[in-house]
Amino acid sequence: MFSFEKLYSMGHEEVVFFSEPSCNLKAIVAIHDTTLGPALGGTRMWPYASEAEALEDVLRLSRGMTYKAAVSGLNLGGGKAVIIGDPKKDKSEALFRAYGRYLESLNGRYISAEDVNISVHDIDHIYTETNYVCGVDKAHGGSGNPAPYTALGVFRGIQASAFKTWGNRTLKDKVIALQGVGSVGTELARLITEDGGKIIFTDISEENVQRFKNEFPNAEYVAPEGIYDVNMDIYAPCALGATINDDTINRIKCKIVAGAANNQLAEDRHGQELKDKGILYAPDYLINAGGLMNVSIEFEGWNDVKSRRMVDTIFDTTLDIFKIAEDENIPVSKATDLLAERRLDAMRKIQTTYLGKGSGHRFPGSKVRHHKI
Ligand code: NAD
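Attention in this report is confined to the structure presented alongside it. For clarity, every value in this text was computed on a predicted model and none was experimentally measured.

1. Re the overall build of the chain
The number of helices and strands found in the chain is twelve helices and eleven strands. Against the 2.2 N^0.38 benchmark of 21 Å for 373 residues, the chain shows a C-alpha radius of gyration of 21 Å, consistent with a compact globule. With the principal axes as the frame, the chain shows a C-alpha extent of 55 × 50 × 45 Å. When burial is assessed residue by residue, the chain has 54% of its 373 residues classed as buried. In the chain, once contacts between residues fewer than 6 apart in sequence are set aside, the share between residues at least 24 apart is 67%. Accessible surface computed for the chain: about 16,800 Å², of which carbon and sulfur atoms make up 50%. A gap of 4 Å separates the mean positions of the 43 positive and 50 negative side-chain charges of the chain.

Take a look at the structure:
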């Protein structure tokens, strides 16, 4: 299960197991790389079938965060945490406060945020015990729900892809196949509709389908399996990962794949296959980084304008990545990794100068949002 060889090969710095039997807390924090700053990434709660499975997940996810922060130009490292448990039965104030106390003991090397099955309410319990958490409720000086910022970033990525494909960023009269109309998908639909794009959508939740139909009466609904076969210009996966796979890749007839879902390519080779088919793939972990950008400024004092300005940079970075992919004749997915690795390498090289005692990275200030609940 655990091996240092594995940590060496994936590049992790630290993995911490936290346990508190009184509230049944079983948490693993993985700090992948802090070259650029403290490791920031969400905490996920999941009823993992085994501890080995939880460890595998947290190692993979934390490495992804290093790349995401690096390519997004953030001064943050990569980290992630998992709490093993059933979110319907095992959540309690004590569990999250115990977890918060453990995070405090890491002294800011890891900063948590929301991830799957962790709500703003849970974050507030963590925040009672530590400042090293973000995604805090707006009422407590935080940035609140990240979905609108994630959606804005995805929209900027779609616009950059449209610009590259059609020479114009507008989505007017373009058909966007939207898979998943949850928090991000719905916000994205608003931006697409305002820009004149047409939406064909699907979702497995009856409730979300109905809500979406009420808000977007002109959007066309298709059954979940049918979304890959519709006539579309852009496929926007906003539900789950690995939807570009051996089955779907020959069915999706579009010019652009760009959405919020993480890890959209089932395997790396699907990036090359999209390229061969002349389908432009927007770098998933860059264009969905708006939520991360948004929470990252909580420590300097969050505000909407600052956050949106930061998220807007996704347009230019997406075009930079397309250029690398073209210049080096590699798939966009590889070019995205390359841009992240180049930044990490460059920043490692400038860290050889001794700065004297007390100097160092300025993040997180932890000075602005210092009041407690
Ligand atoms: P969400 O849970 O609010 O919405 C997901 C929607 O997808 C739900 O309505 C769900 O019913 C639907 N869905 C699930 N499986 C489906 C399927 N097979 N076919 C069609 N629909 C299906 O999640 P979200 O916050 O909107 O996030 C969407 C995606 O973006 C996720 O993959 C998430 O990991 C990723 N993401 C989200 C954020 C964020 O800020 N929320 C940030 C980065 C990445």
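2. What about unusual backbone geometry?
In this model, Asp-173 sits at a positive phi of 65 degrees, which is unusual for a non-glycine residue. Although it is not a glycine, Asn-263 sits at a positive phi angle of roughly 50 degrees. Along the chain, Asn-263 falls in the loop between strand 10 (256-257) and helix 8 (269-276). By relative accessible area, Asn-263 is classed as partly exposed at 45%.

3. Looking at helix 11 (residues 304-327)
Each α-helix winds once per 3.6 residues, and so residues spaced three or four apart point in a common direction. Across its 24 residues, helix 11 extends 36 Å between first and last C-alpha, which sits within 8% of the 34 Å expected from 1.5 Å per residue. Turning to helix 11, its buried residues number three or more, namely Ser-307, Val-311, Ile-314, Phe-315, Thr-317, Thr-318, Ile-321, Phe-322, Ile-324 and Ala-325.

4. Topic: the sheet that holds strand 4 (residues 77-84)
What the five strands build is an open sheet, ordered 1-2-4-3-5; its pairing is mixed. Whereas interior strands pair on both sides, the edge strands pair on one side only; in this sheet they are strand 1 (14-20) and strand 5 (110-114). Mean inter-strand twist for the sheet, computed between neighbouring axes without regard to direction, equals 25 degrees. Across seven bridges, strand 1 lies against strand 2 (residues 25-33) in antiparallel orientation.

5. As for the site of the ligand
Close contacts around the ligand come from 17 residues, with Thr-150, Ser-183, Val-184, Asp-203 and Asn-208 the closest. Within the contact set of the ligand, an oxygen atom lies 2.7 Å away from a side-chain nitrogen or oxygen of Thr-150. At 3.0 Å, a backbone N or O of Ala-239 approaches an oxygen atom of the ligand. With the chains in place, 72% of the 830 Å² that the ligand exposes on its own is no longer accessible.

6. Topic: the sheet that holds strand 7 (residues 198-202)
Two pairing modes exist for strands in a sheet, parallel and antiparallel, and in both the strands are linked by backbone hydrogen bonds. Strand order in the open sheet formed by six strands is 8-7-6-9-10-11, and the pairing between neighbours is parallel. The open sheet is flanked by strand 8 (220-221) and strand 11 (280-281), the only strands paired with a single partner. Across five bridges, strand 6 (residues 175-179) lies against strand 7 in parallel orientation. The residue of strand 7 that forms the bridge with Val-175 is Lys-198. Against the sheet, helix 7 (residues 206-215) touches strand 6, strand 7 and strand 8, its axis set at about 165 degrees to strand 7.

The rules behind the values
In this numbering scheme, every chain counts its residues from 1 along its sequence in written order. The predicted origin of the model limits local features to residues at a pLDDT of at least 70 and limits the giving and counting of side-chain atom pairs to 80 or more, whereas totals for whole chains, interfaces and linings rest on all residues. Calculated side-chain values reflect all of the structure's heavy atoms, with hydrogen atoms and water omitted. In this description a helix means any DSSP run of H or I spanning at least four residues, a strand means any run of E spanning at least two, and both kinds are numbered starting from the N terminus. The reference for a compact globule is 2.2 Å times residues^0.38; the radius of gyration itself is calculated from the C-alpha atoms. Exposure categories follow from relative accessible area, calculated using a 1.4 Å probe and restricted to protein chains: below 20% of the type maximum is buried, above 50% is exposed, and the middle band is partly exposed. Two residues form a contact once any of their heavy atoms are found within 4.5 Å. Shrake-Rupley sampling with a 1.4 Å probe provides the accessible areas, and residues are treated as covered by the protein chains on show and by no other component. The charge count treats Lys and Arg as positive and Asp and Glu as negative. His and the chain ends do not count. The location of each charge is read from NZ of Lys, CZ of Arg, CG of Asp or CD of Glu. Here the expected length of a helix is defined as 1.5 Å per residue gap, with one fewer gap than residues. Criterion used throughout: strands pair if DSSP finds at least two bridges between them. Between the N-to-C directions of two axes lies an angle of 0 to 180 degrees, each axis being a line fitted to C-alpha atoms and, for a helix, fitted only over the stretch in contact. Any residue with a non-hydrogen atom lying within 4 Å of a molecule or strand is treated as near it. Counting of polar contacts relies on pairs of N or O atoms within 3.5 Å, with two restrictions inside protein: one atom must be capable of donating a hydrogen and the other of accepting it, and residues adjacent in sequence are counted only when both atoms are side-chain atoms.

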